[in-house]
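Notes for the structure review
One-letter residues, chain by chain:
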Amino acid sequence: MAVDQRMRIRMAALTRMLLVIVCLGVLYAVADAGHWRSDWTEDQTSSLSPSSTALLAQLDEPLMIRAYITSEMPQPYAQLQRYIEDLLQSMHEAGKGNIGYEIIDPASDSNIAASLAAMKIPKVQVQVIEDDRAQVKQGYLAMVVEFLDKKEVLPVVQSEQGLEYSLMRKIKKLTGKGRAKLAIATDFGANNKETMQQFTQAVGEDYDVVEFAPDTEDVPEGAKVILVAGVRQNVSDSWRYRLDQFRMHGGSMMVLAGQAYPDMRYGFKVVAVDPYANDWLLDDLGVSVEPGLVMDQQASRITVNQQQGGFMFRSAVDYPFIPDVTDVNQQHTATEGIESMTVPFASPLATRQDQATPLMHSSEYAAVQQGPPFDVNPMTPIQERFTGLSLQSSVLGLAYDGALHSHFTAPPAGMDDATYIDKTEHSRWLVIGSLSFLDDQFMQGTNLAPVMNMLDWLAHDEALIKLRSRGVTHRPLVKLASSERLFFKSLWMIGLPLLLLCMGLARWWWLRRKRSKA
C-alpha cells in the first residue's frame, strides 16, 4: 500500500511538471508569434527607449535597415542575432509603416558578399570549438541604414550594448536637417583640435567642428556651442566680448578651467596657469576656480614604470589626481544616467550664481593640495598624501540655464556696437574644473558619453541623451570602515558555516522525531 501511494504521488508530481512545461511552451510560442515582450532588466535595455520611439514616429519618409548576419554563428553571436531581430521588429512597429527591415545571410548569395566588400564591410573572425578542436570561422555582423538616396553603415556590430544608440544616431544623421556647429575658441593657451584629436573625431559625426580665434575673429556663423578648452593666460577684452555677445544672443558655452595642466613629456608633473587666467570666469559667469588640485582616495588606477637596480618594473597604483567620480547629478539632463567619469587634475569650483547647478562632486574622501608648486608623483603612498588634511567633497562641474547679464556696459574700443545686447533671458553654460578633461588620454572609457550628453544639452538637442548612457553601468565598491570589514569577515567565515550547521541539525532532529512517531 505504501509503495502504491508513493507511486501515485510521484506520478501526480510528474504530471503537474509536464503540464507546467507544456503551458510554458505554448505561452512562449504565442508570445513569440505575437511579438509580446516583458523587459525585466534594470534600465529596460532590452526594450526600445521612449526617445527612440518618439524619433521613429516622426519619420515622414520610408527608411530601410538591412542586417547582414552570417547564419550558424557561435555564442554569443547567436544571441546577438536574436537581439538584433527583436530590436528591428520593435523599430518597425514604432515607425508606423515607415521602418522596413531585412535580415540577410551573405552566404546565401555571392553577389551579396561582393556588395559588402564594395561598402568596405569586413568579415569578423570568431573562434569556435568543433570536433574537439578550436577553429576560426569568418562571418558578417553588419547593418546598413538607407534613407532616400543616402546610406549609413555599421560595419561591425560587436555587442548589444550601445547598438540602439548607434542606430538612432545614424537615423538622426540621415533624416535630420543638418548637424549643429561646434566652435572651438583658441588663443591664450587654450587647446585646439590638434591637441584634442580623439574628442574631435568622436563628436565629428554629430557636430561640424570648427576653430576660431576670438581675439581677432568673429564667432563662426551658425555656431550653436562654443568650447573653451582651458585658457592658461589672461585673456583680452576683445576675446571676452565676442564670447559674451555670443551668450547674449542665445549661444551656449562649455568651459574647461583649472589651476594647472599636466605635462607628461618628462614624467609626472603639472604646470600652473597664469594667476589671472581664470579671472574672466568670475566676472562673466560668476564662477570661481578655487586654488589647489583635488586629490581623491576614490581614484583611478594607472600603470607606472619603476626602475630598481638594472631592472624595470611596471606597477599599478591608485592615482588620487585622477578621481573616479561617481557622485554625479542624476537630476540634471546633461548627466542623467551617467554613473561615473574621470576628471583629471581638477580644481574645486564655486559660484555666486544662485541658479547654477552642481553636476559632479569628488567623493567625501577627497582633499585639496595647495600650490603651486604641486607634487603629483604617483609613487608617493596615497595615505601619506592625506595625512593632516581635512577630507571633504569638492564641486568639479557646474551648469547654468537661465537669464544672464553682460559684463560689458558697452563694446570695447574698436568693436562693433551694432549688435550689442546687455541681457538675455535664456543662456546655457557649463564649466568643468579640469583643463585636461578632453585630452586624448582621458577621452576613452567612461568620459565619452558624458561629454556627448553635455554638448547635446548645450545645443538643445536632447533626444539621444538618455539613450547614449543606457546600459552603461559602473558599480564601484563602497568603502567600508574597519569595524564594518571585520563584521562582514566574521559573518561569512564564521556566521554562515554556523547557520548551515544549525540547519542541518534542525533537519536531523525533525527527521528523527518523524520516525519516532511513525
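Shown above is the structure to which this text applies.
Residues numbered from 1 in each chain as written. Predicted model: local features only at pLDDT ≥ 70, side-chain atom pairs only at ≥ 80, totals over all residues. Heavy atoms only, no water.

Description of the pairing of strand E6 (residues 150-154)
With five bridges connecting them, strand E5 (residues 141-147) and E6 associate as antiparallel partners. Paired with Phe147 across the two strands is Lys150, which belongs to E6. With antiparallel pairing between neighbouring strands as the criterion, E5 and E6 make up a hairpin whose turn holds two residues, including Leu148 at a positive phi of roughly 55 degrees. (Pairing = 2+ DSSP bridges. Helix = DSSP H or I, 4+ residues; strand = E, 2+ residues; numbered from the N terminus.)

Some thoughts on the side chain of Asn447
For Asn447, the location among the structural elements is in the loop between strand E23 (423-432) and helix H10 (448-458). Relative accessible area serves as the criterion here: at 0%, Asn447 is assigned to the buried category. Of the polar contacts made by the side chain of Asn447, one reaches the backbone oxygen of Phe442; its length is 3.0 Å. When residues no more than four places from it in sequence are discounted, the contact partners of Asn447 are Met341, Thr342, Phe437 and Phe442. (Buried < 20%, exposed > 50% of the residue type's maximum accessible area, 1.4 Å probe, protein only. Polar contact = N/O pair within 3.5 Å; in protein donor to acceptor, adjacent residues only side chain to side chain. Contact = heavy atoms within 4.5 Å.)

Regarding the sheet that holds strand E20 (residues 357-361)
What the eight strands build is an open sheet, ordered E8-E7-E9-E10-E23-E22-E20-E17; its pairing is mixed. Edge positions in the sheet fall to strand E8 (207-212) and strand E17 (327-328), since each has one partner strand and no second. As paired strands, strand E10 (residues 252-256) and E23 are joined by four bridges and run parallel to one another. Paired with Met253 across the strands is Trp429, a residue of E23.

Digging into the pattern of salt bridges
Across all of its chains, the model carries 17 salt bridges by this definition. As a salt-bridge pair, Arg428 and Asp401 come within 3.1 Å of each other at their nearest N and O atoms. Residue Arg428 is located in strand E23, and its partner Asp401 is located in strand E22 (residues 395-405); the two are separated by 27 residues in the primary sequence. Of the residues examined, Arg428 reaches a relative accessible area of 9% and is grouped as buried. Relative accessible area serves as the criterion here: at 30%, Asp401 is assigned to the partly exposed category. Sharing partners across several salt bridges, the network here consists of Arg240, Asp244, Arg247, Asp283 and Asp284. (Salt bridge = Lys/Arg side-chain N within 4 Å of Asp/Glu carboxyl O.)

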